[in-house]
Amino acid sequence: MNLAEELRRYGPDTDHPTPTLHEARAYCRQLAESHYENFTVASRLFPSHLQQHLCNVYAYCRWADDLADETPDPARSLELLAWWEGELGAINKPPAPLSPCGRGAGGEGLSRQHPVFIALAETIREFAIPQKPFSDLLVAFRRDQEQSRYATFADLLTYCQCSANPVGQIVLALGRSTTDENARLSDSICTGLQLANFCQDVARDWKRGRVYLPQDECHAVGWSEARFAVGKCDDAFRELLKQQVERAEKFLLAGQPLVEHVGRDLRLPVRLFVTGGLAILAAIRLAGYDVLSRRPTVSRWTKLRLLASAWWQG
């Protein structure tokens, strides 16, 4: 997504005709399917009746992520995220009637209704999704503008609780599988996936000025900011990352029973999310914990094997 171009079309300072529900759905589908290949693959694990709703949720997250990370000025990012949260809050206000092919009551006038929120409102109403997980995601995006280091794992965990766990909570709602126990297990899986991603992307995050490894654990093995800049994997870094990988694995395995608790619509994707996260951790181990010289990835063959295994078990 070209953020500057999209802001000129649908930003806070523009007026544009209100998109129809049909146009809003198409906008979210196009954004989801063209921006991120892995999303297209993952969405196909879900039944067809959920795929449009997944696109709507993804479009919301994609816009929020880009408002946070693709805006050079952190102050401007915070302004845009505040606007995005205001658009989210407006979903609960009585909307003008929209038909799949009409432009609202009479179709008159101009509006600044954003296509993402026209589509997302339908998803939120149909599945009775509370606003909190959507708002929590914005807390994490704002935090990235203000905090780039985490003193302890407990501090980092509070970030995961807003950046990763809300996505799982939304998915549970789409699968009509929301219970307190399922939410606890989902949070464990999502935190594990987030931690695995932090391990995988140490070098990439460093280049963006961020370190998602607990500072006290870095210091305990003698790993400093200066050594991040050098980017050489040594025994100290291997020990540091080994601790992070083992912790991520524990979170993923602790959440694995969720597979048997959710409805049939979610069993295959949840199983594959867990096995996919474990495969990332295995790739990091196979690389000798060297994520500084090359980003470990899961091969296409491994992905196919995991998919076949998850489908067979399901």
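Since this is a predicted model, take the numbers as computed values, not measurements.

**Q** Where do I start with the overall build of the chain in this structure?
**A** Looking only at helices and strands, the chain has 17 helices and zero strands in total. Sorting the 314 residues of the chain into buried and exposed places 49% on the buried side. Residue pairs at least 24 apart in sequence account for 76% of intrachain contacts in the chain once pairs closer than 6 positions are excluded. Roughly 15300 Å² of accessible area belongs to the chain as shown, and the carbon and sulfur atoms make up 54% of that amount.

**Q** Help me understand the side chain of Asp 136 in this model?
**A** When you line up the elements, Asp 136 lands in helix α7 (residues 132–146). Asp 136 has contacts with Cys 162 and Pro 166, leaving out every residue within four places of it along the chain.

**Q** Looking at this structure, I do not really get the pattern of salt bridges. What am I missing?
**A** Two side chains of opposite charge can pair, provided their charged atoms sit close to one another. Per the stated rule, a full pass over the model turns up 20 salt bridges. Linking Glu 217 and Arg 247 is a salt bridge whose minimum nitrogen-to-oxygen distance equals 2.7 Å. Of this pair, Glu 217 sits in helix α12 (residues 215–220) while Arg 247 sits in helix α14 (residues 235–255), placing them 30 residues apart in sequence. Each of the two residues, Glu 217 as well as Arg 247, counts as buried. In this structure, a network of salt bridges that share partners links the residues Asp 69, Asp 144, Arg 208 and Arg 210.

**Q** How should the environment of Tyr 289 be read in this particular structure?
**A** Relative to the assigned elements, Tyr 289 resides in the loop between α16 (264–286) and α17 (300–313). Assessed through its relative accessible area of 12%, Tyr 289 is described here as buried. Residues Tyr 289 and Val 245 lie 44 residues apart in sequence; the distance between their C-alpha atoms is 8.9 Å.

**Q** Explain the packing of aromatic side chains here, please?
**A** Two aromatic rings, taken as a pair, are described by how far apart their centres are and by the angle between their planes. In total, this model carries 18 aromatic pairs according to the counting rule given. Where Tyr 10 meets Tyr 27, the ring centres are 5.5 Å apart and the plane angle is 80°; that geometry is what we call edge-to-face. One end of the pair, Tyr 10, is in helix α1 (residues 3–10); the other, Tyr 27, is in helix α2 (residues 21–35), and 17 residues separate them in sequence. No difference in accessibility class separates Tyr 10 from Tyr 27, as the two residues are buried. When the centroid spacing of 4.3 Å and the interplanar angle of 5° are considered together, the rings of Phe 198 and Tyr 212 count as stacked. With Phe 198 in helix α10 (residues 180–200) and Tyr 212 in the loop between α11 (202–207) and α12, this residue pair connects regions lying 14 residues apart in the sequence. Relative accessible area serves as the criterion here: at 5%, Phe 198 is assigned to the buried category.

**Q** Even after reading the chapter, I still don't get α16, so can you show me in this structure?
**A** Two residues of an α-helix separated by three or four positions point the same way, owing to the 3.6 residues in each turn. The end-to-end C-alpha distance of α16, which contains 23 residues, comes to 34 Å, matching closely the 33 Å that a straight helix rising 1.5 Å per residue would cover. Where α16 terminates, the next one or two residues include Gly 288, which has phi positive at roughly 70°.

**Q** Sorry if this is basic, but what is going on with the nonpolar core here?
**A** A general feature of soluble globular proteins is that nonpolar side chains tend to end up buried together. In this structure, Tyr 60, Trp 63, Trp 84, Phe 237 and Leu 241 are the most contacted members of the largest nonpolar core, which totals 90 residues. With near-sequence residues (within four places) excluded, Phe 237 lies in contact with Val 202, Leu 213, Trp 223, Phe 228, Tyr 289, Val 291 and Leu 292.

**Q** I keep staring at the packing of helix α8 (residues 153–163) against helix α9 (residues 165–174) and nothing clicks. Help me out?
**A** Between two packed helices, what matters for the description is the angle formed by their axes and the separation of those axes. At a closest axis distance of 4 Å, the pairing of α8 and α9 adopts a crossing angle of 30°. By the angle class used here, α8 and α9 are roughly parallel. Of α9, the residues touching α8 (which contributes Cys 160, Gln 161, Cys 162 and Ser 163) are Asn 165, Pro 166 and Val 167. Split into classes, the residues belonging to the contact of α8 with α9 amount to four nonpolar, three polar and no charged.

Basis of the calculations
Residues numbered from 1 in each chain as written. Predicted model: local features only at pLDDT ≥ 70, side-chain atom pairs only at ≥ 80, totals over all residues. Heavy atoms only, no water. Helix = DSSP H or I, 4+ residues; strand = E, 2+ residues; numbered from the N terminus. Buried < 20%, exposed > 50% of the residue type's maximum accessible area, 1.4 Å probe, protein only. Contact = heavy atoms within 4.5 Å. Areas by Shrake-Rupley, 256 points an atom, 1.4 Å probe, with all protein chains shown as cover. Salt bridge = Lys/Arg side-chain N within 4 Å of Asp/Glu carboxyl O. Phe/Tyr/Trp six-rings, centres within 6.5 Å; stacked < 30°, edge-to-face > 60°. Expected span 1.5 Å × (residues − 1). Core = buried A, V, L, I, M, F, W, Y, C linked by side-chain atoms within 4.5 Å. Axes fitted to C-alpha atoms, helices over the stretch in contact; angles between N-to-C directions. Parallel < 35°, antiparallel > 145°, perpendicular 65-115°, else oblique. Nonpolar A, V, L, I, M, F, W, Y, C, P; charged D, E, K, R; others polar.

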